[in-house]
Amino acid sequence: TTAAPNTRVCGVCLGEPGSLPVASRDAPVLGLKAAVALDCDELAETLEWDRKNYQYPDLPKGYQITQARTPLARKGQVQIDDQVVRITSLHLEEDSAKTTDTIDHNRAGIALAEIVTEPDLRSGKEAAAFVRE
């Protein structure tokens, strides 16, 4: 964001005592749209969430909500010119804080879709083409 660091935060994202996670209504729908665009063969029938526990300055709660074990979609592909990039999975999780010379928690807790590919990309140029596609 263009907002000043740590001006768009909430108690849930900062892990304040007594705060409970709040599910995004839009993230699963947008994730499913991405899964269709990625030509995924397997879509999850139910959404399951895990807490990935780790202590790091960019994660003030000490855990991250993720679908890493039970992804929203699996087995897709993207055609880029004459190359096929195989998609292993697409899962939703919450973003961490942005770490530069300071820690900016503005984006902490925001839903994101993580796309995991097979090792089909061999260069930075191919990776850039994949992201643009």
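Please read all numbers here as calculations on a predicted model, not as lab measurements.

A.B. asks: Pulling in residues and values, what's your account of the overall build of the protein chain?
C.D. replies: Per the secondary structure count, the protein chain includes three helices and eight strands. In the protein chain, the succession of helices and strands from N to C terminus is α-α-β-β-β-β-β-β-β-β-α. For the protein chain, the proportion of its 133 residues judged to be buried stands at 32%. For the protein chain, the share of sequence-separated contacts (at least 6 apart) that also reach a separation of at least 24 residues comes to 55%. Split by element, the accessible area of the protein chain, about 8,800 Å² in all, is 52% carbon and sulfur.

A.B. asks: Before we move on, can you summarise the side chain of Asn106 with the specific residues and values?
C.D. replies: Structurally, the position occupied by Asn106 is in the loop between strand S7 (103-104) and strand S8 (111-117). Side-chain polar atoms of Asn106 contact the backbone nitrogen of Asn6, separated by 3.2 Å. A polar side-chain atom of Asn106 sits 3.0 Å from the main-chain amide nitrogen of Thr7.

A.B. asks: Tell me about the environment of Glu94, residues and numbers included.
C.D. replies: Residue placement: Glu94 occurs in strand S5 (residues 83-94). Along the primary structure Glu94 and Ile110 are separated by 16 residues, whereas in three dimensions their C-alpha atoms are 5.3 Å apart. When sequence neighbours within four positions are dropped, the list of residues in contact with Glu94 reads Lys61, Tyr63, Gln64, Ile65, Gly109, Ile110, Ala111 and Leu112. Side-chain polar atoms of Glu94 contact the backbone nitrogen of Ile65, separated by 2.9 Å.

A.B. asks: Tell me about the pattern of salt bridges, and please be specific about residues and values.
C.D. replies: Inspection of the entire model under this criterion finds five salt bridges. Measuring nitrogen to oxygen at the nearest pair gives 3.4 Å for the salt bridge that ties Asp95 to Arg107. Of this pair, Asp95 sits in the loop between S5 and strand S6 (98-99) while Arg107 is found in the loop between S7 and S8, placing the two residues twelve residues apart along the sequence. Accessibility expressed as a relative area gives 37% for Arg107, which makes it partly exposed.

Definitions and cut-offs
- Residues numbered from 1 in each chain as written.
- Predicted model: local features only at pLDDT ≥ 70, side-chain atom pairs only at ≥ 80, totals over all residues.
- Heavy atoms only, no water.
- Helix = DSSP H or I, 4+ residues; strand = E, 2+ residues; numbered from the N terminus.
- Buried < 20%, exposed > 50% of the residue type's maximum accessible area, 1.4 Å probe, protein only.
- Contact = heavy atoms within 4.5 Å.
- Areas by Shrake-Rupley, 256 points an atom, 1.4 Å probe, with all protein chains shown as cover.
- Polar contact = N/O pair within 3.5 Å; in protein donor to acceptor, adjacent residues only side chain to side chain.
- Salt bridge = Lys/Arg side-chain N within 4 Å of Asp/Glu carboxyl O.

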